[in-house]
Amino acid sequence: MTRQQTRSSALLWAAAIVVAALLGTPAFFSQILLPLLAVTSLLPRAGSCLTRSPTP
């Protein structure tokens, strides 16, 4: 993930958390679930392959 994509993703997750809080969703969503999902989506994936294999 490039730096610009990371920033965009972080901004979208922050907006989702704020909107969830403004809409009065249960505390579980706005304080626990959404931040947890945001962190896991922004973390680099270990073992992810960025290049294609030379064999088909």
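Residues numbered from 1 in each chain as written. Predicted model: local features only at pLDDT ≥ 70, side-chain atom pairs only at ≥ 80, totals over all residues. Heavy atoms only, no water.

Describing the overall build of the protein
A count of helical and extended segments in the protein gives two helices and zero strands. Relative to its 56 residues, the protein shows a buried fraction of 9%. (Helix = DSSP H or I, 4+ residues; strand = E, 2+ residues; numbered from the N terminus. Buried < 20%, exposed > 50% of the residue type's maximum accessible area, 1.4 Å probe, protein only.)

Some thoughts on the environment of Ala14
Here Ala14 is to be found in helix α1 (residues 3–22). In the structure, Ala14 is positioned 21 residues away from Pro35 in sequence and 8.3 Å away in space, judged by C-alpha atoms.

Here's the deal with α1
Its 20 residues give α1 an end-to-end C-alpha distance of 29 Å, which sits within 8% of 28 Å, the value for a rise of 1.5 Å per residue. Following α1 by one or two positions, Gly24 has its phi on the positive side, about 80°. (Expected span 1.5 Å × (residues − 1).)

Focus: a nonpolar patch on the surface
A contiguous nonpolar surface patch, about 290 Å² in accessible area, is contributed by Phe28, Phe29 and Ile32. Relative to the elements of secondary structure, Phe28 occurs in helix α2 (residues 27–42). (Patch = residues over 30% accessible without salt bridge, like charges linked within 9 Å, V, L, I, M, F, W, Y side chains within 5 Å. Areas by Shrake-Rupley, 256 points an atom, 1.4 Å probe, with all protein chains shown as cover. Salt bridge = Lys/Arg side-chain N within 4 Å of Asp/Glu carboxyl O.)

Let's talk about the environment of Leu12
Looking at the element boundaries, Leu12 is found in helix α1. Take Leu12: its relative accessible area is 62%, and that puts it in the exposed class. As for Leu12 and Ala38, which are separated by 26 residues in sequence, their C-alpha atoms are 9.2 Å apart.

The analysis is restricted to geometry; functional conclusions fall outside its scope.
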